[in-house]
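Coordinates in review
The lines below spell out each chain.
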Amino acid sequence: MDAHEMSGGSAQMVVEPAAAGSDGEARPFVRDEAWVYFQGEMRRYRDCRLGPMTHALHYGTGCFEGIRAYWNSLERQLYLFRAQEHYQRLSQSTRILKMKLPHGVDELVALTVEMLRRNRFVSDVYIRPLAYKSSEEIGVRLHNLEDAFLIYAQPFGDYIEAAHGTRCMVSSWRRIDDNVAPARAKITGTYVNSALAKSEAFDNGYDEAIVLGQDGHVSEGSAENIFIIRKGTLITPPVYDNILEGITRSTLIQLWTEELGLPVVERSIDRTELYVADEVVLCGTGAQLSPVVEIDTRPVGEGVVGPYAQQLEALYSRLVRGQLEKYREWCLPVY
Ligand code: PMP
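Residues numbered from 1 in each chain as written. Predicted model: local features only at pLDDT ≥ 70, side-chain atom pairs only at ≥ 80, totals over all residues. Heavy atoms only, no water.

Here the focus is the overall build of the protein chain. The helix and strand inventory of the protein chain stands at 8 helices and 19 strands. Relative to the globule expectation of 20 Å for 335 residues, the C-alpha radius of gyration of the protein chain, 20 Å, shows essentially globular dimensions. Along the longest, intermediate and shortest principal axes, the C-alpha atoms of the protein chain span 55 × 50 × 35 Å. Out of the 335 residues belonging to the protein chain, those deemed buried represent 54%. (Helix = DSSP H or I, 4+ residues; strand = E, 2+ residues; numbered from the N terminus. Rg over C-alpha atoms; globule rule 2.2 N^0.38 Å. Buried < 20%, exposed > 50% of the residue type's maximum accessible area, 1.4 Å probe, protein only.)

Laid out in structure tokens, this is it:
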């Protein structure tokens, strides 16, 4: 999701310093001037236009990704993180929605790098590829409609702003079910489920929502996967509990087993396990790692960010900036 949508900011968001000018100096990001890959070419944001009757706007018939690139200020390098895996997931989402992507995965990665270079970003960046039904027609369906594709990017900080840990509530909204609307695809329309849960949590004074599936088991956050830690075991819901098959989730599973040498179990999680867990962590491309310190007015563990979450956060922040040699192949240098 987009920082601008989350903060409810103005249409012309300026974040500084975010991009380098032709003199190499950092300058503020001006959205209207940003380069966007749109309808097969690089265009300025202000020159991208969508018609009011665009199908995806009315019926939620689009698929998207959220990818991050991390700025390494020492190397003055921008690292695009696991872009290949994100575009593979986009390709799976489009397969479910019977859409065609205009390029293969490698080409999409190359286009993203080109767009980032044009924007001369010198900060952490969030990248939003979107495949959508672009026909300007009335009629709910997937067939006999045009597909279109765009990639947009902007500077991006923390998605959940909770420096001392995240406070969550278990949402009264249930997670979409695979046979209602596929949870493993990132479909624009299904994000109304996330939005309902997130705003309910916000309106009740919490930072985030934890969403249960129809069967009452824990599924995920509003736009994050979830882990609980009990006695040194990392536990996370399996892919058949209506989760998005998260890339951060798979990164953390690998860090947990390979760097900490501890066990991971993928199994269904009961609601009250949240209340007795030693630690709870939400994770996602936007959220990165968000340690949870309170759920439904009960402290998680000691009610502060736990030692495992701290270790994972330290590893993750080095990893994504290309500082862990072993995982360098996940970090693609942009410049
Ligand atoms: N679940 C949902 C519903 C999400 O939107 C996201 C963010 N893409 C995630 C989980 C985490 O996935 P990832 O780590 O691949 O960003």
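As a further point, take the domain arrangement of the protein chain. On domain assignment, one finds that the protein chain holds domain 1 (13-155) and domain 2 (166-320). Look at where the C-alpha atoms of domain 1 and domain 2 centre, and you get two points 26 Å apart. The partner domain 2 presents 20 residues to the 21 residues of domain 1 that form the contact. Both sides of the domain 1 and domain 2 interface together cover about 1700 Å² of buried area, and 62% of this is carbon and sulfur. In terms of surface lost to domain 2, no three residues of domain 1 exceed Phe64, Phe81 and Arg89, which account for 34% of the buried area on that side. Elements supplying a minimum of two residues to the side of domain 1 that touches domain 2: strand S5 (62-64), strand S6 (67-72), strand S7 (77-81), helix H3 (83-96) and strand S8 (125-133). It is H3 that provides the largest number of residues to the side of domain 1 that touches domain 2, a total of 5 residues. Among the residues making up the side of domain 1 that touches domain 2, the classes are represented as 10 nonpolar, 6 polar and 5 charged. (Domains from an automatic or database assignment. Contact = heavy atoms within 4.5 Å. Buried area = accessible area lost by both parts, 1.4 Å probe. Nonpolar A, V, L, I, M, F, W, Y, C, P; charged D, E, K, R; others polar.)

With glycine set apart, most residues show a phi of negative sign, and most peptide bonds adopt trans. The backbone phi angle of Arg82 is positive, close to 45°, even though this residue is not glycine. With respect to the helices, strands and loops of the structure, Arg82 is situated in the loop between S7 and H3. The exposure class of Arg82 is buried, given its relative accessible area of 8%. Phi is positive for Thr297, which is not a glycine, with a value near 65°. Secondary-structure assignment places Thr297 in the loop between strand S17 (288-295) and strand S18 (298-299). Using a relative accessible area of 60% as the deciding quantity, one classes Thr297 as exposed.

So, about the nonpolar core. The biggest cluster of nonpolar side chains holds 44 residues, and the ones touching the most others in it are Leu80, Tyr87, Leu116 and Ile127. For this core, the secondary-structure elements that each account for two or more residues are strand S1 (14-20), strand S3 (35-38), S6, S7, H3, helix H4 (105-119), S8 and strand S9 (147-155). When residues of this core are assigned to their parent elements, the largest contribution, 7 residues, is made by H4. In this view, Leu80 contacts Ile67, Arg68, Ala69, Val109, Thr112, Val113, Leu116, Ile127, Trp330, Cys331, Leu332 and Val334; residues no more than four positions away in its chain are not counted. Counting residues in hydrophobic clusters, the runner-up holds 24 residues, among them Phe81, Leu252, Ile253 and Cys283. (Core = buried A, V, L, I, M, F, W, Y, C linked by side-chain atoms within 4.5 Å.)

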